[in-house]
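Analysis of the macromolecular model
Letter by letter, the chains look like this.
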There are 2 protein chains.
Amino acid sequence: MQIVPAIQHLQDEFERLPGIGPKSAQRLVYWVLNHDRASAKELSDAIMQAKDTVHFCKQCFNYAEDDLCPICASPKRDHSIICVVSEPRDIPPIESTGTFNGLYHVLNGVLAPLEGVGPDDLHIKELMARLANGEVKEVILATNPDVEGETTASYLARLIRPLGIKVTRLASGLPVGGDLEFADEVTLGRAIESRREI
Amino acid sequence: MQIVPAIQHLQDEFERLPGIGPKSAQRLVYWVLNHDRASAKELSDAIMQAKDTVHFCKQCFNYAEDDLCPICASPKRDHSIICVVSEPRDIPPIESTGTFNGLYHVLNGVLAPLEGVGPDDLHIKELMARLANGEVKEVILATNPDVEGETTASYLARLIRPLGIKVTRLASGLPVGGDLEFADEVTLGRAIESRREI
């Protein structure tokens, strides 16, 4: 096919993005070509701006533009409770629930001995340092409810409990609006074990 | 939600793209943040490069980097047959069939009187000028097989036939690999009317 090189190149670039196949990439290329230069420039600049201004928060390792991320820097947040997550991308869904007003700590992964990821590869030392001043009363371990997430949570719980800090884990159970019939047995088992009086 | 401004801005920019919802936009943002600067720069540059170097072919109104698009500029193409399409995006699927070796002409739309699109809004004058030198033997009208596409094709056929040039239309019928049971009645009707001896 005889295609204009700049178009082919842009299509190849879009196809490298996650979830973008050849057809979607083509649609994105036509979007760029059919919109005015200012629109393309804004998209192009936003990419480099994010890349160049975003780094990690010095305290919690969330994404940040300044030394501290907006959450760590906020005087309205409760500094006595820390929610531990594995990746920065786990923070927005928790924030959007509106039920948590504490701080975060990003581990940057989970323990995975088979892939060579040990405690020293995660921001665990930095978490323990944050807990040392006695200000923190509770740590919520919000790693994923899968094997590696559970292992990491257990490991951290064993480290933190001796400090006299309350350690909690997100509840497992049926999703709200879900259907008993279609729940997997492990989830349903957890929901039964963790049943609560009403 | 307290989110880093540069991240929010990039996510908003990605969400403006066609077929990209909030979740996909977030995935694209994380792709940018998790890859090296060179990857982000290549994507960012490819967008502006396409925007700044691509314009329309002076002859056929396909996308081009030079005065002529690669197809019009190629000495290997058959200049005696022109395939008329409504948009540049209709060209790659025809090219990828490998069954057409002529030139193209992009109308830049279809006749849509209700939306105020008349013959003067399309590149019809330029098409007639290309047909005037007597070199062209056949014009294939490859507008979409919908109401506006058919109307536009009929209009063009009436203009071109008096020049003694053969005017053809893409065949309508069952898609290859399709199923009689699931064909709509109009398509099936066309397939019966256009049946051919074997």
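Residues numbered from 1 in each chain as written. Chains lettered and ligands numbered in written order. Predicted model: local features only at pLDDT ≥ 70, side-chain atom pairs only at ≥ 80, totals over all residues. Heavy atoms only, no water.

All right, on to the overall build of chain A then. The number of helices and strands found in chain A is 8 helices and 6 strands. For chain A, the N- to C-terminal ordering of α and β elements is α-α-α-β-β-α-β-α-β-α-β-α-β-α. Since a compact globule built from 198 residues should have a radius of gyration of about 16 Å, the 22 Å found for chain A marks it as more spread out than a globular shape. In terms of overall dimensions, chain A has a C-alpha envelope of 65 × 50 × 40 Å along the principal axes. In chain A, buried positions account for 40% of the 198 residues. Long-range pairs, those at least 24 residues apart, make up 46% of the contacts in chain A between residues at least 6 apart in sequence. Accessible area for chain A stands at about 11,100 Å²; split by element, carbon and sulfur atoms hold 54% of it. The positive charge centre, built from 20 side chains, and the negative charge centre, built from 29, are 3 Å apart in chain A. (Helix = DSSP H or I, 4+ residues; strand = E, 2+ residues; numbered from the N terminus. Rg over C-alpha atoms; globule rule 2.2 N^0.38 Å. Buried < 20%, exposed > 50% of the residue type's maximum accessible area, 1.4 Å probe, protein only. Contact = heavy atoms within 4.5 Å. Areas by Shrake-Rupley, 256 points an atom, 1.4 Å probe, with all protein chains shown as cover. Lys, Arg positive; Asp, Glu negative; His and termini not counted. Charge placed at Lys NZ, Arg CZ, Asp CG, Glu CD.)

This part is about the domain arrangement of chain A. Once the domains are mapped, chain A shows domain 1 (5-53) and domain 2 (76-169). Taking only C-alpha atoms, the centre of domain 1 of chain A and the centre of domain 2 of chain A are 36 Å apart. (Domains from an automatic or database assignment.)

Taken together, the contact pairs 54 residues of chain A with 54 residues of chain B. Between chain A and chain B, the buried area comes to about 5,300 Å², and carbon and sulfur atoms account for 67% of it. Put simply, chain A and chain B have 2 salt bridges between them. The residue A:Arg37 makes a salt bridge to B:Asp52 at a minimum N-O spacing of 2.6 Å. There are 17 residue pairs in polar contact (both at pLDDT 80 or more) connecting chain A and chain B. Elements with a contribution of two residues or more to the side of chain A that touches chain B: helix 1 (5-15), helix 2 (22-34), helix 3 (37-53), strand 2 (63-64), helix 4 (70-73) and helix 5 (91-97) of chain A. By residue number, the principal contributor to the side of chain A that touches chain B is helix 3 of chain A, which donates 15 residues. (Buried area = accessible area lost by both parts, 1.4 Å probe. Salt bridge = Lys/Arg side-chain N within 4 Å of Asp/Glu carboxyl O. Polar contact = N/O pair within 3.5 Å; in protein donor to acceptor, adjacent residues only side chain to side chain.)

Residues and elements named next belong to chain B. Mapping Glu126 onto the fold places it in helix 6 (residues 124-131). Placed 93 residues apart in sequence, Glu126 and Leu33 show a C-alpha to C-alpha distance of 47 Å. The residues contacting Glu126, other than those within four sequence positions of it, are Phe61 and His105.

Axis separation between helix 2 of chain A and helix 3 (residues 37-53) of chain B bottoms out at 9 Å; the angle between their running directions is 55°. On the basis of their axis angle, the class for helix 2 of chain A and helix 3 of chain B is oblique. Crossing of helix 2 of chain A against helix 3 of chain B: the hand is right-handed. In contact with A:Val32, A:Leu33 and A:Asn34 of helix 2 of chain A, helix 3 of chain B contributes B:Ile47, B:Ala50 and B:Lys51. Residues belonging to the contact of helix 2 of chain A with helix 3 of chain B are distributed by class as follows: 4 nonpolar, 1 polar and 1 charged. (Axes fitted to C-alpha atoms, helices over the stretch in contact; angles between N-to-C directions. Parallel < 35°, antiparallel > 145°, perpendicular 65-115°, else oblique. Left-handed = near helix turned anticlockwise from the far one by under 90°. Nonpolar A, V, L, I, M, F, W, Y, C, P; charged D, E, K, R; others polar.)

Take the nonpolar core next. Taken as a class, soluble globular proteins show a tendency for nonpolar side chains to be buried jointly. Membership of the largest hydrophobic core comes to 44 residues, with the highest contact counts inside it found for A:Phe14, A:Ile47, B:Phe14 and B:Ile47. For this core, the elements supplying multiple residues, two or more each, are helix 1, helix 2 and helix 3 of chain A together with helix 1 (5-15), helix 2 (22-34) and helix 3 of chain B. Excluding residues within four positions of it along the chain, B:Phe14 makes contact with A:Leu43, A:Ile47, B:Ile20, B:Ala25, B:Leu28, B:Val29 and B:Val32. Counting 35 residues, the second-largest nonpolar core is a separate cluster that includes B:Ile91, B:Phe100, B:Val136 and B:Val139. (Core = buried A, V, L, I, M, F, W, Y, C linked by side-chain atoms within 4.5 Å.)

Moving on, we come to the packing of aromatic side chains. Scanning all chains against the criterion turns up 6 aromatic pairs over all chains. Pairwise contacts between aromatic rings join A:Tyr30, B:Phe56 and B:Tyr63 into one cluster. (Phe/Tyr/Trp six-rings, centres within 6.5 Å; stacked < 30°, edge-to-face > 60°.)

In this model, chain A carries a mean pLDDT of 92, and residues with pLDDT of at least 70 account for 99%. Scoring the predicted complex yields pTM 0.79 and, for the interface, ipTM 0.80. (pLDDT = per-residue confidence, 0-100.)

Each copy of the sequence occupies a distinct position, and chain A is placed on chain B by a rotation of 179° and an axial shift of 0.0 Å, giving an RMSD of 0.1 Å. The superposition operator between the copies reduces to a two-fold rotation axis. Minimal C-alpha separation from the rotation axis in chain A is found for A:Ser44, amounting to 2.2 Å. Interface overlap between copies is the fraction of interface residues in one copy that are interface residues in the other; for chain A against chain B it reaches 100%, indicating a shared surface. (Least-squares fit on C-alpha atoms with pLDDT ≥ 70 in both.)

This next bit is on the pattern of salt bridges. Residues and elements named next belong to chain A. In this structure the tally under the stated criterion is 14 salt bridges over all chains. Ionic pairing is found between Glu13 and Arg16, a salt bridge with its closest N-O pair at 2.9 Å. For Glu13, a relative accessible area of 4% translates into the label buried. The class for Arg16 is partly exposed, based on a relative accessible area of 35%. Residue Asp67 pairs with Lys58 through a salt bridge whose shortest N-O separation is 3.8 Å.

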